Amino acid sequence: MGRQTFDLVVVGAGLAGLAATATAVAASGGARVALVHAGLGTFVYGAGGVADLGGVAADHPAVRDFRALVDAAGVPYDGDLGQSQLLPTILGTLLPVNLAPRSLWNGRVRSGTRAAVVGIAGLSAFDADFVAERLNRLACGCCYQARRIELPRQDGLPHSVLELANRFDRDPAFRQTLAEQLRRVAADYDVVLIPAILGQWSDAGQMAELETAVGCPVAEMATLPPSVAGLRLSNRLLAHLRGQGVDIFGGYPVTALEVENARCRGVHVATPGHARHFAASAVILASGPHSANLLPGWSGDQDSRRRPLDHQGRFLADNLYLAGALADPEARHGGNGRAIVGGHGAALAAFEREDDHATH
Amino acid sequence: MDRTQVVIIGGGATGAGILWDLSLRGIAAVLLEKRDLANGATGRCHGLLHSGARYAVKDAEAARECLRENRILKTIAPHCIHDVGGLFVRYPQDDPAFFTAWDRACADIGLPTAPLSAAEALDLEPNLPSGILGASTCPDAHVDVFQLTLSNLQAAVARGGRFRAYAEVTAIERRGGQVTGVRFRDTLSGDEDSIDCEMVVNAGGGWAQQVAALAGLHVPVRCDKGSLLVLNHNLVTRVVNRCRKPGDADILVPAGPVCILGTSSITVSGPEGLRAETDEIEALLKLGTELVPCMAESRVLRIFSGVRPLYVPQGADKAGGREISRGFALLDHGVEDNLDGFVSIVGGKLTTYRLMAEKTCDLVASRLGVDEPCRTAETPLRPPTPEAVTRKIRHLLPAQAASIVERRLGPAMAQLAERIEADPDMAEILCECEQVTRAEVAMVMAVDAKVPVRTINDVGRRCRLGFGSCQGTFCGYRAMLEGYRQGLWPAEAAAADFKRYLDERWKGQAQIPNGKQLEQLMLSHDLFGPSHHFHSDGEG
């Protein structure tokens with residue numbers, strides 16, 4: 001059969017889709033929500049820092065709700081929308097952000113601090129000397145020194161960030177070794193900066209435990225993909241939403257929307273073995289800038305309720321909403337704030353519509 | 001003041017072949033290249049080792065040359081050649097009169113072909129369209145142009161030849177009617193230098209006209225732009241040619257893990273600043289889809305353009321790009337322009353680079369009074385790999401990496417093994433597509449390498465790092481860090497070069513119309529732009 005029915009189907013697990021899903025769950029009170037996504041959101045590459053809200057107010061409910069979401073998911077953000085800070089990167093640059101997951105935020109530039117940039121022997125994808133040398137040239141008021149630790153190898157092989165993260169998640173002895181190694185380095189510094197390896201699933205509690213053992217703040221720097229910090233954020237948000245009763249179908253692309261008489265009846269999903277169809281009362285399309293092919297006849301514009309319009313200015317479907325970079329190119333990665341606000345708005349619009357519908 | 005007997009200008013296959021040929025004859029020579037090896041037409045072509053079948057109908061002499069050279073290169077440089085064979089496919093929309101002319105022309109020059117029915121051809125190449133009428137086999141092959149150029153240089157350096165990259169010749173010195181040396185500038189550092197010599201060979205390819213102008217001479221070269229598309233799979237496993245009068249986009253070459261479709265043919269004003277136009281790319285893709293229909297859904301990795309440097313003798317300059325001879329010309333400026341010691345080798349094609357080098361060096365040797373014959377046709381470019389070295393590498397590396405690196409390094413795998421045995425971490429793969437290990441990158445970066453590198457792009461031309469679907473987004477970063485660790489460049493220089501590298505890679509993808517590679521490109525832009533605040537498109 002392969003047919004299921006939902007009140008809302010959200011397509012895409014970037015920050016727009018995740019924010020839309022979370023908002024829908026909170027706003028609808030028991031609606032059946034599905035989240036269908038082919039891959040991970042692009043926020044994963046940069047670990048989810050928010051730098052730009054696209055002009056909306058700092059106290060926008062979307063931001064408040066998002067911070068409540070990440071808190072509940074165990075991956076709290078720190079920062080202040082009114083004030084930009086600089087985070088060091090593995091390329092030895094400084095990235096301006098307002099909000100970021102705590103483990104990244106810990107590394108923000110604070111004048112007068114001494115920071116150890118800690119490399120791991122056998123992890124070639126990160127070079128502490130390179131990072132420290134470049135950061136020191138930026139004269140940001142911090143002093144960076146490259147240090148190096150040794151962690152036990154598996155079968156004598158070089159390390160990868162995923163291997164280290166998985167061991168951090170699963171092996172208490174590994175966490176202890178890591179903490180001891182970092183503590184030895186930390187004695188001389190205000191903060192230790194490490195490549196992001198602190199678990200794909202770890203929560204704020206485990207981070208705090210590590211910091212207590214190390215004796216100073218531990219800050220992660222996102223690596224080139226796979227970025228463990230980004231994967232963690234994605235994993236924990238998806239797990240949290242699943243815990244909230246959302247049906248999540250990961251790894252499957254939506255191949256078409258079923259639109260009939262200006263009404264979106266559902267989505268077709270390519271799952272292995274057989275195609276599936278999810279019937280939906282409303283659909284939010286947040287699947288990124290490369291999914292415009294799902295919207296034949298779309299002019300590129302949308303109405304005030306985020307519904308895509310055709311060339312005559314009519315909505316393609318009265319219950320189909322857009323969020324994220326598909327609707328707002330500025331919300332592409334780097335425009336995480338806009339994605340959060342857009343996802344939030346699309347979910348509210350979807351349920352407003354459903355409420356209207358119910359009263360008729 | 002540096003001295004040598006011969007200065008060669010231009011580090012393409014021809015210049016490298018000349019350096020090797022002269023070195024074998026015991027003639028001291030220095031090759032100066034203004035960028036890096038294979039920067040011009042050599043590195044910007046199909047990598048098709050012609051069998052001659054392409055030229056059989058129109059130019060029997062060129063076809064015979066190709067056939068001879070095809071056989072020679074398969075013997076002396078097997079590690080540079082994937083001997084995949086070729087097909088000439090008969091499409092119903094093409095002129096049947098050409099099919100018969102082609103059969104006759106191939107028979108006339110003794111080119112070995114075998115007819116295949118449509119069913120047989122489809123059995124070999126299922127991605128051909130089902131409506132084809134038939135096909136013929138021919139001994140076409142794929143040649144790794146970077147490996148070929150590099151192997152010539154390495155062989156020459158081992159015999160005392162010298163290669164200098166990023167050395168742009170700024171003046172050709174003469175005393176009376178005799179060349180006496182060249183001045184050149186390091187294009188990365190700006191340092192100036194000079195070399196005294198008895199002869200100068202202009203192997204500038206598309207730049208031959210500019211090089212000749214340095215000596216105050218006119219060498220008429222027409223630059224004919226050809227654009228090519230790199231697709232991310234072997235859509236075909238043999239070289240597929242369309243059996244018709246040569247035209248656009250009628251050759252598809254399986255090249256390692258990818259395949260290359262080309263070309264267009266457009267006269268341009270010079271060899272620099274080449275760019276494929278949008279309609280040109282669309283036209284190539286449309287014709288490519290006639291060749292192999294599934295191309296419509298396949299992923300374009302990269303688009304690049306090169307120029308065929310066509311020699312246009314007096315009176316022939318009205319002909320269009322494909323009408324001018326693919327043959328080459330050796331100009332002895334001592335005879336033609338009263339400038340002794342200056343020689344230009346112009347025109348020609350990759351397949352005949354060795355023959356061009358041979359004829360050039362015959363002339364150079366006779367002018368220098370050296371009585372050594374050419375030995376490049378029977379001397380392997382690389383000694384065989386000792387069995388023990390191959391065995392050792394198979395123990396140290398995964399099977400796929402071991403077999404790929406064997407082609408690239410051959411006997412030099414002994415040094416690779418030494419590095420990995422000294423530090424097992426060096427066995428890590430930095431470029432997954434081309435299976436390049438840290439140890440190999442370190443070898444390529446070594447200061448005592450026969451053909452040293454100065455940029456990340458140079459590393460790619462030595463070991464193919466960054467040629468796959470990530471287009472250097474990941475492995476380019478890793479190579480930058482490896483260079484930093486090896487002391488090749490300090491952090492700031494490393495970062496600056498990596499930005500240039502990204503620009504170059506992004507440029508090659510900028511006109512990709514749609515699909516997965518566009519997403520890959522956006523990923524690259526996003527990673528280094530918003531995510532890491534490192535580099536954005538359009539930044540200096």
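Residues numbered from 1 in each chain as written. Chains lettered and ligands numbered in written order. Predicted model: local features only at pLDDT ≥ 70, side-chain atom pairs only at ≥ 80, totals over all residues.

### Some thoughts on the overall build of chain B
Then, in step 1: Scanning chain B from terminus to terminus reveals 17 helices and 24 strands.
Then, in step 2: The C-alpha atoms of chain B give 23 Å as radius of gyration, which agrees with the globular expectation for 540 residues (24 Å, within 12%).
Then, in step 3: Across its three principal axes, chain B shows a C-alpha extent of roughly 65 × 60 × 50 Å.
Then, in step 4: A total of 540 residues make up chain B; the buried ones form 55% of that total.
Then, in step 5: If you take every contact in chain B between residues at least 6 apart in sequence, the share linking residues at least 24 apart comes to 70%. (Helix = DSSP H or I, 4+ residues; strand = E, 2+ residues; numbered from the N terminus. Rg over C-alpha atoms; globule rule 2.2 N^0.38 Å. Buried ≥ 20, exposed ≤ 12 C-beta atoms within 10 Å, placed from the backbone. Contact = placed C-beta atoms within 7 Å.)

### Thoughts on the overall build of chain A
Then, in step 1: What chain A contains, in helices and strands, is 10 helices and 17 strands.
Then, in step 2: Relative to a compact globule of 360 residues, whose C-alpha radius of gyration would be 21 Å, chain A shows 22 Å and is just as compact.
Then, in step 3: Based on the C-alpha atoms only, the size of chain A along its principal axes is roughly 70 × 45 × 30 Å.
Then, in step 4: The buried share among the 360 residues of chain A stands at 53%.
Then, in step 5: Intrachain contacts of chain A at a sequence separation of at least 6 include 71% that bridge at least 24 residues.

### Focus: the sheet that holds strand β5 (residues 81-82) of chain B
Residue and element names in this part refer to chain B.
Then, in step 1: Here three strands make up an open sheet; going across it, the order is β4-β9-β5 and the pairing antiparallel. Each of the sheet's edge strands pairs with one partner strand only, and the pair in question is β4 (48-49) and β5.
Then, in step 2: Sheet topology places β4 next to strand β9 (residues 141-143); two bridges connect them, and they run antiparallel. Within β9, the position partnered with L48 by the bridge is H142. (Pairing = 2+ DSSP bridges.)

### With respect to the interface of chain B and chain A
Then, in step 1: Listed as interface residues are 22 residues of chain B and, on the opposing side, 24 residues of chain A.
Then, in step 2: With six residues, the top contributor of residues to the side of chain B that touches chain A is helix α17 (residues 516-531) of chain B.
Then, in step 3: Broken down by class, the residue content of the side of chain B that touches chain A amounts to 10 nonpolar, four polar and eight charged. (Nonpolar A, V, L, I, M, F, W, Y, C, P; charged D, E, K, R; others polar.)

### As for unusual backbone geometry
Then, in step 1: Here the amide bond leading from A:P225 into A:P226 is cis, since omega sits at 0°, within 30 degrees of zero.
Then, in step 2: With respect to the helices and strands, the residue A:P226 is situated in the loop between β10 (218-221) and α9 (228-243).
Then, in step 3: A positive phi is found at B:N338, a non-glycine position, where the angle reads about 60°.
Then, in step 4: The residue B:N338 is located in the loop between α8 (333-336) and β22 (342-347) in this model.
Then, in step 5: According to the C-beta neighbour criterion, B:N338 is exposed, with 11 such atoms within 10 Å.

### Quick look at the domain arrangement of chain B
Residue and element names in this part refer to chain B.
Then, in step 1: For chain B, the assigned domains are domain 1 (2-41 + 146-220 + 325-368), domain 2 (82-141 + 222-307) and domain 3 (428-531).
Then, in step 2: Between the C-alpha centres of domain 1 and domain 2 there is a distance of 32 Å.
Then, in step 3: With four residues of domain 1 in contact, the opposing surface of domain 2 contributes four residues.
Then, in step 4: Tallied by class, the residues present in the side of domain 1 that touches domain 2 amount to two nonpolar, two polar and no charged. (Domains from an automatic or database assignment.)

### Comments concerning the sheet that holds β10(A)
Residues and elements named next belong to chain A.
Then, in step 1: Here four strands make up an open sheet; going across it, the order is β8-β7-β9-β10 and the pairing parallel. Edge positions in the sheet fall to β8 (143-149) and β10, since each has one partner strand and no second. The average undirected angle you get between the axes of adjacent strands in this sheet is 30°.
Then, in step 2: Where strand β7 (residues 114-120) and strand β9 (residues 191-195) come together, three bridges link them in parallel fashion. (Axes fitted to C-alpha atoms, helices over the stretch in contact; angles between N-to-C directions.)

### Focus on the UniProt feature "domain: FAD-dependent oxidoreductase 2 FAD-binding" (unreviewed entry) in chain A
Then, in step 1: Under the UniProt annotation, the feature "domain: FAD-dependent oxidoreductase 2 FAD-binding" (unreviewed entry) is placed at residues 60-248 of chain A.
Then, in step 2: Across residues 60-248 of chain A, helical content stands at 41% and strand content at 21%; the span's end C-alpha atoms are separated by 27 Å. (UniProt positions renumbered as here; feature names shortened; annotations may be inferred.)

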